[in-house]
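# Descriptive analysis of the structure
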Amino acid sequence: MELSLEQVKNVLLAYRQEHVIERLEQLPVQAQQKLAAQIAQIEFETLFRAIDRHKDPRAVGTLGTERIAPIAYENWNDYDEKQQQAYGELGWALLRSGKVGAVVVAGGQGSRLGSSGPKGTIDIGLPSGKSLFQLQAERLLYLSKRAGRNIPWYVMTSPVNHKATETFFQAADYFGYTAADIVFFSQQTMPVLDHDGKLLFAEEGKLLLAPSGPGECFASMRKSGVIEDMKQRGVEWLFYYNVDNALIKVADPDFLGVAAAHANPIATKVIEKHDPNEKIGIVCTKNGQPAVVEYTEISEDVKRARSKDGQLEYHLGNISIHAFQLDFIEQHADSDLVYHVASKRMEYIDDKGVRVQPAEPNAYKLERFIFDLFPMASGLTVLKTERDEQFAPVKNRSGEDSPQTARELVLRLHSKWLKAAGIAVQEGKLDQIEISPLQSYAGEGLLERKFMERP
Ligand code: UTP
């Protein structure tokens, strides 16, 4: 939107951003115009609607008036062997015919982790020293090799980490993946406000912007031509996942088979919540539609509710592993999804030009979530899977959900595979043995293969 400097100042006044006017007036003319243009892009109405909603706990999730109920699901372990095989074969058929793509949402800033580079570049301390991106690339390589064709891999970055992500892949020679089959695209951003609702600055004359959540994924795919790319390649199902899950079974054929066998445009993998306070959202229905309620928006009553058999009533945990039909993505990519507000630690430049590095959350960040598309689906296939085979989140620098816990979960799973294959391992060495994703995807074929061990 084109606005004159006076109009920009009026907008700022209307939204009580007097401090921005002051800083604007101190700038040289050219810089003034640049900042004014940045401000003219801001949808203040949307920004403050989201923050007001956040401040009124009765308006969100199960804290509000929305009617939620448990959702129907299927459990992978309840299928008999024949059924499991049939689903697996269906998934493999999709991979072999090039109908599957994978997208990793890697535009986050990892503020809790506190690392400076993109989250996917971190080494969680496995014996091989492989980064999260490398583990994912090798799992995809393994499947691609067996399927006889490459799975296109879409990597969503943000303006903050786009360059660093691409450079990391280039330097590693794309981990052996065909470069033309990895497509990087960047997501959008939103301005960041402090807890008093004031816009923050990244540098003099430039507002602080932050990636506006993984829910921007499909809109950004459309904008950057990725949807077109998928259509040209004949992709029908898109496997969606978070960059920070060290156990992610990227493009899992079993899951894709289940997705394709059901007449729903979206499928989601869930795990059993192990504690009512676990920091993952719940998959349920909201006002009769499939939905996820974020852990920050679940009321205490709902969190703790138990059915007669003592099981948590809302026990299906969202682990951000979904499969979307391309038709659905095309139809809903530009949906006006709600913004969720999170309080985060965000570095900024104060009005004296000093860089501030807060120790505690100091700012509101607005994020869209991909699961807010669920209510638009005619139905949702919910597949329960085993936590220890699927989920090793890397969120915090230490303690729970940290690189260390993720490392342990990966090595524990690998030792379980070895045991199941009847391979004896020297006492005390089990937690040092890592199986390369290039050798085995889910514990298969270990007897015929070599696996690696730290010398
Ligand atoms: P998180 O919610 O854990 O956010 O992201 P984060 O930015 O990585 O970490 P914190 O909260 O600042 O500590 C879950 C997934 O969504 C991606 C992340 O990269 C991660 O894969 N994400 C998050 C985006 O792609 N874009 C965003 O704007 C936010």
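Rules behind the numbers
- Residues numbered from 1 in each chain as written.
- Predicted model: local features only at pLDDT ≥ 70, side-chain atom pairs only at ≥ 80, totals over all residues.
- Heavy atoms only, no water.
- Buried < 20%, exposed > 50% of the residue type's maximum accessible area, 1.4 Å probe, protein only.
- Helix = DSSP H or I, 4+ residues; strand = E, 2+ residues; numbered from the N terminus.
- Arc of directions from axis to C-beta.
- Contact = heavy atoms within 4.5 Å.
- Near = heavy atom within 4 Å.
- Polar contact = N/O pair within 3.5 Å; in protein donor to acceptor, adjacent residues only side chain to side chain.
- Areas by Shrake-Rupley, 256 points an atom, 1.4 Å probe, with all protein chains shown as cover.
- Nonpolar A, V, L, I, M, F, W, Y, C, P; charged D, E, K, R; others polar.
- Core = buried A, V, L, I, M, F, W, Y, C linked by side-chain atoms within 4.5 Å.
- Phe/Tyr/Trp six-rings, centres within 6.5 Å; stacked < 30°, edge-to-face > 60°.
- Salt bridge = Lys/Arg side-chain N within 4 Å of Asp/Glu carboxyl O.

### Things to note about helix H2 (residues 18–25)
The set of residues buried in H2 consists of Val 20, Ile 21, Arg 23 and Leu 24. Buried residues along H2 cover an arc of 170° about the axis, so they all sit on one side. Those residues of H2 that are buried are in contact with helix H1 (5–14), helix H3 (29–40), strand S8 (201–203) and strand S17 (348–349).

### Examining the site of the ligand
Around the ligand there are 21 residues in total, and Val 105, Ser 111, Gln 187, Lys 344 and Lys 395 lie nearest to it. Between the ligand and Gly 108, the relevant distance is 3.0 Å, taken from an oxygen atom to a main-chain nitrogen or oxygen of the residue. Starting from 560 Å² of accessible surface for the ligand in isolation, the protein chains cover 94%. Here the residues of the shell around the ligand are counted per class, giving six nonpolar, nine polar and six charged.

### Section: the environment of Glu 386
Along the chain, Glu 386 turns up in the loop between strand S20 (380–384) and helix H13 (387–390). Residue Glu 386 is classed as partly exposed on the basis of its relative accessible area, which comes to 35%. Here the alpha-carbon distance between Glu 386 and Asp 252, two residues 134 residues apart in the chain, equals 14 Å. The residues touching Glu 386, leaving out its near neighbours within four places in the chain, are Asn 77 and Ile 271.

### Things to note about the nonpolar core
If you look at the biggest cluster of nonpolar residues, it comprises 46 residues, and the most contacted ones within it are Trp 153 and Phe 169. At seven residues, the largest contribution of residues to this core is made by helix H6 (residues 132–147). The contact partners of Trp 153, leaving out residues within four places of it in the chain, are Ala 102, Val 104, Phe 133, Gln 136, Ala 137, Leu 140, Phe 169, Tyr 177, Asp 181, Ile 182, Val 183 and Tyr 241.

### A word on the environment of Ala 69
Note that Ala 69 resides in strand S1 (residues 68–69). Among all residues touching Ala 69, those that are not within four sequence positions of it are Cys 284, Thr 285 and Tyr 314.

### With respect to the packing of aromatic side chains
If you walk through the whole model with that rule in mind, you get 21 aromatic pairs. Judged by centre distance (5.6 Å) and plane angle (80°), the ring pair of Trp 76 and Tyr 79 falls under edge-to-face. Each of the two residues, Trp 76 as well as Tyr 79, counts as buried. Three or more aromatic residues link up through ring pairs in this structure, and these residues are Phe 133, Trp 153, Phe 168, Phe 169, Tyr 174, Phe 175, Tyr 177 and Phe 184.

### What about the pattern of salt bridges?
Under the counting rule described, the total for this entry stands at 23 salt bridges. The salt bridge involving Glu 25 is made with Lys 9; its shortest N-O contact spans 3.1 Å. Highlighted residues: Glu 25 in helix H2 and Lys 9 in helix H1, separated in sequence by 16 residues. Among the ionic contacts, a cluster of salt bridges with common partners joins Glu 6, Lys 9 and Glu 25.

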